[in-house]
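# Residue-level structure breakdown
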Amino acid sequence: MDINKPRYIPMSRRRRIYEGKAKILYEGPEPGTLIQHFKDDATAFNAKKHEVIEGKGVLNNRISEYLFQRLNEIGVPTHFIRRLNMREQLIREVEIIPLEVVVRNVAAGSLATRLGIDEGTQLPRSIIEFYYKSDKLGDPMVSEEHITAFGWATPQEIDDVMALAIRVNDFLCGLFLGVGIRLVDFKMECGRLWENDMMRIVVSDEISPDSCRLWDIKSNDKLDKDRFRRDLGGLIEAYTDVARRLGIMSENERPQGTGPVLVKG
Ligand code: UDP
């Protein structure tokens, strides 16, 4: 066997590294890589609400691929390597920093509730919040003090994460604005990527309508997971609209993944 060639691992024998609510991680074809598989499961309120929405995984795989590619192109480091198929992408294995980094431009969701601000109010400036990733605790909000005291990240790493968050936010705000969408807020995750003895922080996980609030600029229609959280219906149509506006899916492409579809690029 040529050890330089990536091993082909039949899907049935791939080792599952981790299964989350909406994604599964499998071992990758080469050391230092993983395969990220997008499921159709939708969960909210710490998984108390759960539904399978056919086609959601396919859409998130494509939208997240698109956004991570654009970020890679402008020099924002991410874990993304390439999309493999309708539901899977090849990523670099990173050491996940156990934080959800939320960036907000407009008041919505938990911020609106917690501080009694009307949803839709433009914030005086972008706000970054940290939540500790723990399903058991329901992802509690934490401060830099907690993060450094408990050793989840160093002060330097927090600086790097915040600098990345601001770049991602500025870039995505412009990108979405260009297709008539307001980026209200989003969540990102970061990981430590080891290259020889060097470590750098990269954007990881996914960026998709599951992890962003996206409002149509004119109508304020919600084009994101709030359609599921708030029982508004039409989630697949909204995610497909986002994909089409970004130029990812052709008009006649079916996102459901129930049959052969035209895959561009
Ligand atoms: N978010 C996420 N995963 C979470 C919590 C929040 O992707 O576990 C995203 C959410 O989609 C929104 C932003 O982070 O775009 C801010 O969410 P918020 O704190 O308002 O929480 P929510 O209203 O979802 O409880």
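Keep in mind that this is a model prediction, so the values were computed, not measured.

### Quick word on the packing of helix H1 (residues 56–73) against helix H4 (residues 155–177)
For the pair H1 and H4, interaxial distance at closest approach is 11 Å and the crossing angle is 120°. The angle between H1 and H4 falls in the class oblique. The element H1 and its partner H4 pack so that their crossing is right-handed. Residue-level contacts link Tyr66, Leu67, Arg70 and Leu71 of H1 to Val168, Phe171, Leu172, Leu175 and Phe176 of H4. Here the residues of the contact of H1 with H4 sort into 8 nonpolar, no polar and 1 charged.

### What to know about the confidence of the model for the protein chain
Averaged over all residues, the pLDDT of the protein chain is 93; the fraction at 70 or higher stands at 89%. The secondary structure element of the protein chain with the lowest average pLDDT is strand S8 (residues 95–96), at 96, and the one with the highest is strand S9 (residues 99–106), at 99.

### Some remarks on the sheet that holds strand S2 (residues 23–27)
In space, the 5 strands of this open sheet follow the order S1-S2-S3-S7-S6, with antiparallel pairing throughout. Because the sheet does not close on itself, it has two edges, and the strands there are strand S1 (16–19) and strand S6 (80–83). Taken over all neighbouring pairs, the strand axes of this sheet differ in orientation by 25° on average, direction set aside. On top of the sheet, H1 reaches strand S3 (33–38), S6 and strand S7 (88–92); it is set at about 135° to S6, its chief contact.

### Remarks on the packing of H1 against helix H6 (residues 235–245)
Here H1 crosses H6 at 20°, and the two axes come no closer than 10 Å. By the angle between their directions, the pair H1 and H6 is classed as roughly parallel. Relative to H6, H1 is oriented so that their crossing is left-handed. Listed contacts from H6 to Lys56, Leu59, Asn60 and Ile63 of H1 are Leu235, Ile236, Tyr239, Thr240, Val242 and Ala243.

### A short note on unusual backbone geometry
Phi is positive for Asp205, which is not a glycine, with a value near 65°. As for its placement among the helices and strands, Asp205 is situated in the loop between strand S13 (198–204) and strand S14 (212–216). Of the residues examined, Asp205 reaches a relative accessible area of 13% and is grouped as buried. Even without glycine at this site, Asp231 takes up a positive phi of about 55°. Following the sequence through the fold, Asp231 ends up in the loop between helix H5 (226–229) and H6.

### Considering the pattern of salt bridges
Summed over all chains, the structure comprises 27 salt bridges. Between Lys23 and Asp205 there is a salt bridge; the shortest N-O distance is 2.9 Å. With a gap of 182 residues between them, Lys23 in strand S2 and Asp205 in the loop between S13 and S14 connect regions that are remote in the sequence. For Lys23, a relative accessible area of 13% puts it in the buried group. Two residues, Arg87 and Asp40, come together in a salt bridge whose shortest N-O distance is 3.0 Å. Linking Arg87 in the loop between S6 and S7 with Asp40 in the loop between S3 and strand S4 (41–44), this pair joins segments that are 47 residues apart in sequence. Salt bridges linked by common partners bring Arg104, Arg114, Glu119, Glu129, Asp185, Arg213, Asp226, Arg229 and Arg230 together as one network.

### Regarding the environment of Val203
Inspection of the secondary structure assignment puts Val203 in strand S13. For Val203, a relative accessible area of 0% puts it in the buried group. Those residues in contact with Val203, other than ones at most four positions away along the chain, are Phe68, Val76, Pro77, Thr78, His79, Leu164, Val168, Met188 and Glu189.

### A word on the site of the ligand
Around the ligand, the surrounding shell holds 16 residues, and the nearest of these are Arg104, Ser110, Asp185, Arg213 and Arg229. Asp185 is positioned with one of its side-chain polar atoms (N or O) 2.6 Å from an oxygen atom of the ligand. Residue Arg213 places a side-chain N or O atom 2.7 Å away from an oxygen atom belonging to the ligand. Those elements giving two or more residues to the shell around the ligand turn out to be S9, helix H2 (109–115), strand S12 (181–195) and S14. Partitioned by chemical class, the residues of the shell around the ligand number 5 nonpolar, 3 polar and 8 charged.

### Quick look at the nonpolar core
Leu67, Val168, Phe176, Met188, Ile207 and Leu246 are the most contacted members of the largest nonpolar core, which totals 49 residues. Considering every element that reaches this core, the biggest residue donor is H4, with 8 residues. With residues near it in sequence (within four places) discarded, Ile207 still touches Ile63, Ser64, Leu67, Phe68, Leu71, Val168, Leu172 and Cys212.

### Focus on the pairing of S13
As defined by bridge partners, S12 adjoins S13 across 7 bridges and the pair is classed as antiparallel. Across the sheet, the residue bridging to Arg192 is Ile201, located in S13. What sits between the antiparallel neighbours S12 and S13 is a turn of 2 residues, in which Asn196 has the positive phi angle 55°.

The rules behind each value
Residues numbered from 1 in each chain as written. Predicted model: local features only at pLDDT ≥ 70, side-chain atom pairs only at ≥ 80, totals over all residues. Heavy atoms only, no water. Axes fitted to C-alpha atoms, helices over the stretch in contact; angles between N-to-C directions. Helix = DSSP H or I, 4+ residues; strand = E, 2+ residues; numbered from the N terminus. Parallel < 35°, antiparallel > 145°, perpendicular 65-115°, else oblique. Left-handed = near helix turned anticlockwise from the far one by under 90°. Contact = heavy atoms within 4.5 Å. Nonpolar A, V, L, I, M, F, W, Y, C, P; charged D, E, K, R; others polar. pLDDT = per-residue confidence, 0-100. Pairing = 2+ DSSP bridges. Buried < 20%, exposed > 50% of the residue type's maximum accessible area, 1.4 Å probe, protein only. Salt bridge = Lys/Arg side-chain N within 4 Å of Asp/Glu carboxyl O. Near = heavy atom within 4 Å. Polar contact = N/O pair within 3.5 Å; in protein donor to acceptor, adjacent residues only side chain to side chain. Core = buried A, V, L, I, M, F, W, Y, C linked by side-chain atoms within 4.5 Å.

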